[in-house]
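Survey of secondary and tertiary structure
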Amino acid sequence: GAGVSQSPSNKVTEKGKDVELRCDPISGHTALYWYRQSLGQGLEFLIYFQGNSAPDKSGLPSDRFSAERTGGSVSTLTIQRTQQEDSAVYLCASSSPPETGYEQYFGPGTRLTVT
Amino acid sequence: GQQLNQSPQSMFIQEGEDVSMNCTSSSIFNTWLWYKQDPGEGPVLLIALYKAGELTSNGRLTAQFGITRKDSFLNISASIPSDVGIYFCAGYFGNEKLTFGTGTRLTIIP
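Worth saying up front: this structure is predicted, and the values here are computed from it rather than measured.

**Comments concerning the overall build of chain B**
Helix and strand counts for chain B come out as 0 helices and 11 strands. Moving toward the C terminus, one meets the helices and strands of chain B in the order β-β-β-β-β-β-β-β-β-β-β. Here the C-alpha radius of gyration of chain B, 13 Å, is about what a compact globule of 110 residues would show, namely 13 Å. Principal-axis analysis of the C-alpha atoms places the extent of chain B at approximately 40 × 25 × 20 Å. For chain B, long-range pairs separated by at least 24 residues make up 52% of all intrachain contacts whose partners lie at least 6 apart in sequence. Summed over its atoms, the accessible surface of chain B is roughly 5200 Å², and 50% of this surface lies on carbon and sulfur atoms. Side chains of chain B give 7 positive and 9 negative charges; the mean places of these two sets differ by 10 Å.

Printed below as a string of structure tokens:
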């Protein structure tokens, strides 16, 4: 079946502009995660959605970052007033605990460049 | 918070060599996952481990969940060019969020 998809694949924006990144999880997966990966670095957790529960926002680096998940499926990560340090690859993953354990399946990412 | 120490940070090997990398933690983990990331792609799940002592293979890849539940290793036998990439360990210790290691970059020298 279809995997996790993300759009756009690349986004170049000017400092100070807002951006929206989209994630379509695997159909039926109840959990959705956003991560940030800076060049040559590991994955930094941003936010986690599980079913209808309140999201775990503990990884969001500032109040310029927000995310929502509509209808328990598609998620949008919004970055307001972008800064150059926001440049990174933003990865989305989904999983379906407990049926499949906690195995997370990743999308291809959105490469964000803030000029 | 929980941290995963992954080593080595990078490896330079010749095609056909075997590879070994590992992750250690100061905390007990319930699940260990190993991922591979190619340039410009998201991480791809290679192996999942759920029980202490568990040894699981996926083709030329073998991974083990350490008996103390604080470590895991990944071995790749007879490396081939497509093995090039960054390998990440990741683990759960019970709060439904994965903790990732810092990655091992594998390069094959021609």
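Having seen the model, we can carry on.
**Focus on the sheet that holds strand E6 (residues 65–69) of chain A**
Residues and elements named next belong to chain A. In space, the 4 strands of this open sheet follow the order E1-E3-E7-E6, with antiparallel pairing throughout. The open sheet terminates on both sides in strands that have one partner only, identified here as strand E1 (5–7) and E6. Strand-to-strand twist across the sheet, computed as the mean angle between neighbouring axes with direction ignored, equals 15°. Taken together, the 5 bridges between strand E3 (residues 19–24) and strand E7 (residues 75–79) define a ladder with antiparallel strand orientation. Residue pairing across strands places cysteine 23 opposite serine 75, the latter belonging to E7.

Parameters at a glance
Residues numbered from 1 in each chain as written. Chains lettered and ligands numbered in written order. Predicted model: local features only at pLDDT ≥ 70, side-chain atom pairs only at ≥ 80, totals over all residues. Heavy atoms only, no water. Helix = DSSP H or I, 4+ residues; strand = E, 2+ residues; numbered from the N terminus. Rg over C-alpha atoms; globule rule 2.2 N^0.38 Å. Contact = heavy atoms within 4.5 Å. Areas by Shrake-Rupley, 256 points an atom, 1.4 Å probe, with all protein chains shown as cover. Lys, Arg positive; Asp, Glu negative; His and termini not counted. Charge placed at Lys NZ, Arg CZ, Asp CG, Glu CD. Pairing = 2+ DSSP bridges. Axes fitted to C-alpha atoms, helices over the stretch in contact; angles between N-to-C directions.

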